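# Breakdown of the fold
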Amino acid sequence: MSENVEDSSAPLIEHLAELRTRLIRSAVAFIVAMLFCFTFGSQLLDFLLKPIEETMRQLGDPNPAMQYTAPQEYFFTLVRLSMVFGLGLSFPIIGTQLWRFVAPGLYKNEKNAFLPFLLASPVMFLLGAGFAHYVVTPMAMKFFLGFADATSILGSVVPTDGVPVPVDPDAGIKINFNGKVNETLDITLKMIVAFGLCFQLPVLLSLMGKAGLVSSKGLASVRKYAVVGILVLAALVTPPDVITQVILFVVVFGLYEASIWLVYWIEKRREAKLKADGLWDEDIHGDGNFGVDDEETPPEDDGKAADE
């Protein structure tokens, strides 16, 4: 008994040592990438604040400005920004270390199934982040700042000839927008992360379909519940404006529909392979009619996909 324990302990120690090595390499890659991004922190901040800058210019402010109210606020804003971009920059190395740790324990068919999804995940996240930054965030900024007129955004209006506008004692109190850097950045980063994660939906459902955990027929049968879930998600992760929530709902629901067809395509490929190998059994695998268009008919047997 003791010999068996000693024989089994060596591989465990080797795996732990390898895991430590992979984690150290990933941590070093992240720190180096974060320090590199910190050197360009101000440029990255300008890039993320571009939507609100353009919105303020459209509202009549020729020189948009932001502020910070604590001495350390700007520094820690750059640090947080560097961590986010550093994680994205170092993700290929971190993903490679993860793959090299997991891959030896996978069969060849499992490697072929998992690797494409590992590569597709960062691509879909970048697509979602880009959509949020270039489409959704500008619309959200226009919605929030659109409640104020141009003079409220500008504060004191100065014409192009440099002559100040005479003071009007009956004009009332001017309500100026003095945006804080960290608060504006919070909105932008939340939108980027929310849409980046939502764009992972096809990757996640396709991987689950590849593993036999979900089926296209099952996904189609719970479409009405997915609509409710997406509406709740849109209300939680987006600013409280209807336009942004509708955009997120339309995008995520479209990704859900695309996921159904991706899972259906995976099922058809599995069916074709099993039939070519002579392993297809209708008593086990069904008749091959996955019923993507049948919204209300639930799967006949929840265990069929797992048996495949």
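Residues numbered from 1 in each chain as written. Predicted model: local features only at pLDDT ≥ 70, side-chain atom pairs only at ≥ 80, totals over all residues. Heavy atoms only, no water.

### With respect to the overall build of the protein
- A tally of helices and strands in the protein yields 13 helices and zero strands.
- Counting all 308 residues of the protein, 34% fall into the buried class.
- Contacts in the protein between residues far apart in sequence, at least 24 positions, make up 80% of those at least 6 positions apart.
- With the model as given, the accessible surface of the protein reaches about 18800 Å², and the carbon-plus-sulfur share is 66%. (Helix = DSSP H or I, 4+ residues; strand = E, 2+ residues; numbered from the N terminus. Buried < 20%, exposed > 50% of the residue type's maximum accessible area, 1.4 Å probe, protein only. Contact = heavy atoms within 4.5 Å. Areas by Shrake-Rupley, 256 points an atom, 1.4 Å probe, with all protein chains shown as cover.)

### Re the UniProt feature "transmembrane region" (unreviewed entry) in the protein
- The sites that carry the UniProt feature "transmembrane region" (unreviewed entry) are, in the present numbering, residues 27–49, 74–94, 114–136, 143–160, 187–208, 220–237 and 243–266.
- Within the segment residues 27–49, helix and strand shares are 91% and 0% respectively, and the terminal C-alpha atoms sit 29 Å apart.
- Summarising residues 220–237: 94% helix, 0% strand, and an end-to-end C-alpha distance of 25 Å. (UniProt positions renumbered as here; feature names shortened; annotations may be inferred.)

### Overview of the pattern of salt bridges
- The final tally for this structure, using the stated rule, is six salt bridges.
- In this structure, Arg80 and Asp186 form a salt bridge, with 2.7 Å as the shortest nitrogen-oxygen distance. Of the two residues, Arg80 sits in helix α4 (residues 73–102) while Asp186 sits in helix α7 (residues 181–198), which places them 106 residues apart along the sequence.
- Among the charged side chains, a network of salt bridges with common partners joins Lys50, Glu53 and Arg57. (Salt bridge = Lys/Arg side-chain N within 4 Å of Asp/Glu carboxyl O.)

### Some thoughts on the packing of aromatic side chains
- All chains considered together, the criterion is met by nine aromatic pairs.
- For the pair Phe75 and Phe76, a centre-to-centre distance of 5.3 Å together with 75° between the ring planes defines the contact as edge-to-face. (Phe/Tyr/Trp six-rings, centres within 6.5 Å; stacked < 30°, edge-to-face > 60°.)

### So, a nonpolar patch on the surface
- On the surface, Phe47, Tyr134, Val135, Met139 and Ile243 cluster together into a nonpolar patch covering about 450 Å² of accessible area.
- Broken down by element, the residue count for the nonpolar patch peaks at three residues, all from helix α5 (residues 108–145).
- Within the secondary structure layout, Ile243 lies in helix α11 (residues 242–276). (Patch = residues over 30% accessible without salt bridge, like charges linked within 9 Å, V, L, I, M, F, W, Y side chains within 5 Å.)

### Topic: helix α2 (residues 41–48)
- Considered for burial, the residues of α2 that qualify are Gly41, Leu44, Leu45 and Leu48. Projected down its long axis, α2 shows its buried positions confined to an angular sector of 100°, all on one face. (Arc of directions from axis to C-beta.)

### Digging into the nonpolar core
- Leu45, Leu81 and Phe195 are the most contacted members of the largest nonpolar core, which has 32 residues in total.
- Contributions of two or more residues to this core are made by α2, α3 (50–58), α4, α5, α7, α10 (223–237) and α11.
- Those residues in contact with Phe195 that sit more than four places away from it in its chain are Gly128, Phe131, Ala132, Val136 and Leu248.
- Membership of the second largest hydrophobic core comes to eight residues, among which are Leu205, Val214, Ile260 and Val263. (Core = buried A, V, L, I, M, F, W, Y, C linked by side-chain atoms within 4.5 Å.)

### Observations concerning the packing of α10 against α11
- At their nearest, the axes of α10 and α11 sit 9 Å apart, and the two run at 145° to each other. Where α10 crosses over α11, the handedness of that crossing is right-handed. Of the residues in α11, those in contact with Arg223, Ala226, Val227, Ile230, Leu231, Leu233, Ala234, Ala235 and Val237 of α10 are Gln245, Leu248, Phe249, Val252, Phe253, Tyr256, Glu257 and Ile260.
- The residue makeup of the contact of α10 with α11, split by class, is 14 nonpolar, one polar and two charged. (Axes fitted to C-alpha atoms, helices over the stretch in contact; angles between N-to-C directions. Left-handed = near helix turned anticlockwise from the far one by under 90°. Nonpolar A, V, L, I, M, F, W, Y, C, P; charged D, E, K, R; others polar.)

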